[in-house]
Amino acid sequence: MRRLMLLRHAKTEHDAPSGHDQDRRLDERGRMDAAAIGTWIGHHPPFPDAVLVSTAVRAQQTWEIARDAIKDAVRERPPRPRVELLDELYGAEPTQLLRIIRMAEVSDPARLMLIGHNPGMHELALMLAGSGDAMAKKGLEDNLPTAGLAILDFPTDDWSEVAFRRGKLVRFTSPKLLKQALDD
């Protein structure tokens, strides 16, 4: 089995001081949300063996904050995934993202996390989910929100066999859903 974790970057400032979209940074809420989703991941193993992160500043900051929160949540024997920054994740469409996922066969992690951007990440999650948790699918229908996480399992040991509609959506969560669960 292969597990794919799709994490959208956290909430950002509207404009970067440089004027370049790729330079937009996380705002205060984004930093809190990245920590919240990282803490959740830290309490819900298994952890990713490899993480592919968009080179956009907001995606890198999301990973750095989430990684630190995972380490804080796990404490003993924190995960040490292999991390790679990929320009190709910025603005990628679902077919491009699928190609990147299939290339994971080279390093062959059992669990892979992508940290990227909408609309591609949201569309990819919907296109990969052929089955799974009905409530998670309903929650994911409209949007993969900032710092939203979709977890899909594939009944294969070969990343090159990952295909649209072949995944099982195991979980969808976001900082907003985590907060609602605490309030209930």
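Report on the accompanying structure. From a predicted model like this one, the values you see are computed outputs, not experimental measurements. (Residues numbered from 1 in each chain as written. Predicted model: local features only at pLDDT ≥ 70, side-chain atom pairs only at ≥ 80, totals over all residues. Heavy atoms only, no water.)

Here we take up the overall build of the chain. In terms of regular secondary structure, the chain is built from six helices and seven strands. In the chain, the order of α-helices and β-strands from amino to carboxyl end is β-α-β-α-β-α-β-α-β-α-β-β-α. Counting only C-alpha atoms and orienting by the principal axes, one finds that the chain spans roughly 45 × 40 × 35 Å. A total of 184 residues make up the chain; the buried ones form 46% of that total. For the chain, restricting intrachain contacts to residue pairs at least 6 apart in sequence, the fraction spanning at least 24 positions comes to 77%. (Helix = DSSP H or I, 4+ residues; strand = E, 2+ residues; numbered from the N terminus. Buried < 20%, exposed > 50% of the residue type's maximum accessible area, 1.4 Å probe, protein only. Contact = heavy atoms within 4.5 Å.)

The geometry of helix H1 (residues 28-43) relative to helix H2 (residues 57-74) is characterised by a closest axis approach of 7 Å and an angle of 40° between their N-to-C directions. Of the possible angle classes, the one that applies to H1 and H2 is oblique. Considering only the axes of H1 and H2, their crossing is right-handed. Across the interface between the two elements, Arg31, Ala34, Ala35, Gly38, Thr39, Ile41, Gly42 and His43 of H1 pack against Thr62, Ile65, Ala66, Ala69, Ile70, Ala73 and Val74 of H2. (Axes fitted to C-alpha atoms, helices over the stretch in contact; angles between N-to-C directions. Parallel < 35°, antiparallel > 145°, perpendicular 65-115°, else oblique. Left-handed = near helix turned anticlockwise from the far one by under 90°.)

Among all positions in helix H3 (residues 94-102), only Pro94, Leu97, Leu98, Ile100 and Ile101 are buried. Viewed along the axis of H3, the buried residues span an arc of 160°, placing them on a single side of the element. (Arc of directions from axis to C-beta.)

In this section: unusual backbone geometry. Pro46 follows Pro45 through a cis peptide bond whose omega is 10°. Counting through the fold element by element, Pro46 comes out in the loop between H1 and strand S2 (50-54). The residue Asp108 is not glycine, and still its phi comes out positive at about 50°. The residue Asp108 is located in the loop between H3 and strand S4 (111-116) in this model.

Our next topic: the pattern of salt bridges. Once the charged atoms of two side chains with opposite charge are near each other, the side chains can pair. Per the stated rule, a full pass over the model turns up 10 salt bridges. A salt bridge links Arg2 to Asp108; its shortest N-O distance comes to 2.8 Å. Taken as a pair, Arg2 in strand S1 (residues 2-8) and Asp108 in the loop between H3 and S4 lie far apart in primary sequence, 106 residues in all. Using a relative accessible area of 34% as the deciding quantity, one classes Asp108 as partly exposed. Connected via shared salt-bridge partners are Arg2, Asp108 and Asp157. (Salt bridge = Lys/Arg side-chain N within 4 Å of Asp/Glu carboxyl O.)

Grouped together as the largest cluster of nonpolar side chains are 29 residues, with contacts concentrated most on Leu4, Leu6, Ile101, Leu112, Leu114 and Leu128. For this core, the elements supplying multiple residues, two or more each, are S1, S2, H3, S4, helix H4 (120-128), helix H5 (134-140), strand S6 (149-154) and strand S7 (167-173). Those residues in contact with Leu4 that sit more than four places away from it in its chain are Ile101, Leu112, Leu114, Leu128, Ala150, Ile151, Leu152, Phe154 and Trp159. Core analysis: the second largest hydrophobic core is formed by 17 residues, Leu7, Trp40, Val53 and Ile115 among them. (Core = buried A, V, L, I, M, F, W, Y, C linked by side-chain atoms within 4.5 Å.)

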